[in-house]
Amino acid sequence: METQQTFRPGLEGVIASETRISYLDVAGEEIVIRGYDLIELAKKVSYLDVVALILDGALPSDEVREKLAQSLQAEYELPEAVLTVLKSLPPETHAMDGLRTGISALAGFDRDLEDRSAEANRRKAIRLLAKVPAIVANSYHLKEGHAAVTPRQDLAYSANFLYMITGQEPSDAERWAFEQSLIVYSEHEMPNSTFAARVIASTQADLYGALTGAVASLKGTLHGGANEAVMKMLLEAKTKENIEPLILQKLANKERIMGFGHRVYMRKMDPRAELMKEALVKLAAEKDAGELFEMCEIGERVMHREKGLYPNLDYYAAPVYYLLGIPIELYTPIFLAARTVGIAAHVSEQHDNNRLFRPRVNYLGPRNLHP
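Here the structure is a predicted model, which is why all the values come from computation and not from measurement.

## Thoughts on the packing of helix 6 (residues 118-143) against helix 16 (residues 331-352)
The relative placement of two packed helices comes down to the angle between their axes together with the axis-to-axis distance.
Part 1 of the argument: Two numbers describe how helix 6 lies on helix 16: the axes approach to 10 Å, and their chain directions differ by 165°. With respect to each other, helix 6 and helix 16 are oriented roughly antiparallel. Crossing handedness for the pair helix 6 and helix 16: right-handed. For the pair helix 6 and helix 16, contact is made by A118, N121, A125, L128, L129, V132 and V136 and by P333, I334, A337, T340, V341, A344, S348, H351 and D352, respectively.
Part 2 of the argument: For the contact of helix 6 with helix 16, the class distribution of residues is eleven nonpolar, four polar and one charged.

## Quick notes on the pairing of strand 1 (residues 22-25)
Part 1 of the argument: Because side chains alternate across strand 1, one face comprises the buried residues S22 and L24, and the other comprises Y23 and D25, none of which is buried.
Part 2 of the argument: Where strand 1 and strand 2 (residues 30-33) come together, four bridges link them in antiparallel fashion. Its bridge partner lying in strand 2, S22 is registered against I33.

## Digging into the packing of helix 5 (residues 95-106) against helix 16
Part 1 of the argument: As a packed pair, helix 5 and helix 16 sit with axes 8 Å apart at the nearest point and diverge in direction by 35°. As helix 5 runs across helix 16, the sense of the crossing is right-handed. Along its contact with helix 5, which presents A95, M96, L99 and I103, the element helix 16 presents T332, P333 and L336.
Part 2 of the argument: Taken together, the residues of the contact of helix 5 with helix 16 sort by class into six nonpolar, one polar and no charged.

Definitions and cut-offs
Residues numbered from 1 in each chain as written. Predicted model: local features only at pLDDT ≥ 70, side-chain atom pairs only at ≥ 80, totals over all residues. Heavy atoms only, no water. Axes fitted to C-alpha atoms, helices over the stretch in contact; angles between N-to-C directions. Helix = DSSP H or I, 4+ residues; strand = E, 2+ residues; numbered from the N terminus. Parallel < 35°, antiparallel > 145°, perpendicular 65-115°, else oblique. Left-handed = near helix turned anticlockwise from the far one by under 90°. Contact = heavy atoms within 4.5 Å. Nonpolar A, V, L, I, M, F, W, Y, C, P; charged D, E, K, R; others polar. Buried < 20%, exposed > 50% of the residue type's maximum accessible area, 1.4 Å probe, protein only. Pairing = 2+ DSSP bridges.

Honestly, that's just the spatial picture; any functional story needs more than this.
As structure tokens, then:
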């Protein structure tokens, strides 16, 4: 007789993979990326340094970093056919659906598509990292009836990404805040979207297919979208005097307050949120937006008092993006764009040491029925 195995809803606590990429050390309250603390990395190195670390396993030399920057800049532009696909989407298309469609359309242009080697996967990762920002920005601009924006070859990666969204060359403070967000969104062990990508990759599907599946996963409101909901709540409140009554009313109505709580970070604030909070302080000072920061702090105190919950990354990333002039519907696509490097590394690792994911179930239905 077949033995029934332990059922863990949501695979809670189940070890699904072995990895050398990242680890959430809950006891030590540390996000480990290839042996380094993610928050320390965000304070000391650039997004491209983190990209090199995640893809290659080591922080780059100046020469390697410059070569990576040049490789990305050479791949910034989208094929005209992909822009045509994006233009054909109806105005009602969700930004994440535009991103998913653009990545899928891009696959056919990659000469390494069917090569699963580590070297080919790295080349594909670089092309995707270079082009996903253009898909994020132009799927939005085209949907809004505006012309496609051409990447700036003279701008560094994060500055070009922000420029393509806002149409303005960012200040040093704006570029720094945006780069901080890209770093903290870059990799986070095994959330649903990364797991979805690894499951897809385990069939020997290509990187583009796995990343497309990750986009679909991140679109779900229980994974992505929290940063958008946070900003909508702050705009609904309008002033610091209104934020506490609004949150209390929502709680009384049994509404979920997005941007708080995390399955991993239960005892204190998400360390990535702390970093984004620091970025918000600096950006708010530059843009004379102190009241927005005060609103966020009030909301943080109310939720801890009422529910014992701490902010996660999305809570403080949202107002940072708002002050950067980023449209709210692009917050989650930017999350995916930043996470592309982490997902690419996981897909490559899966291809290098693969076993097809094929879990079982505990069957609860009837048996021995006959027509």
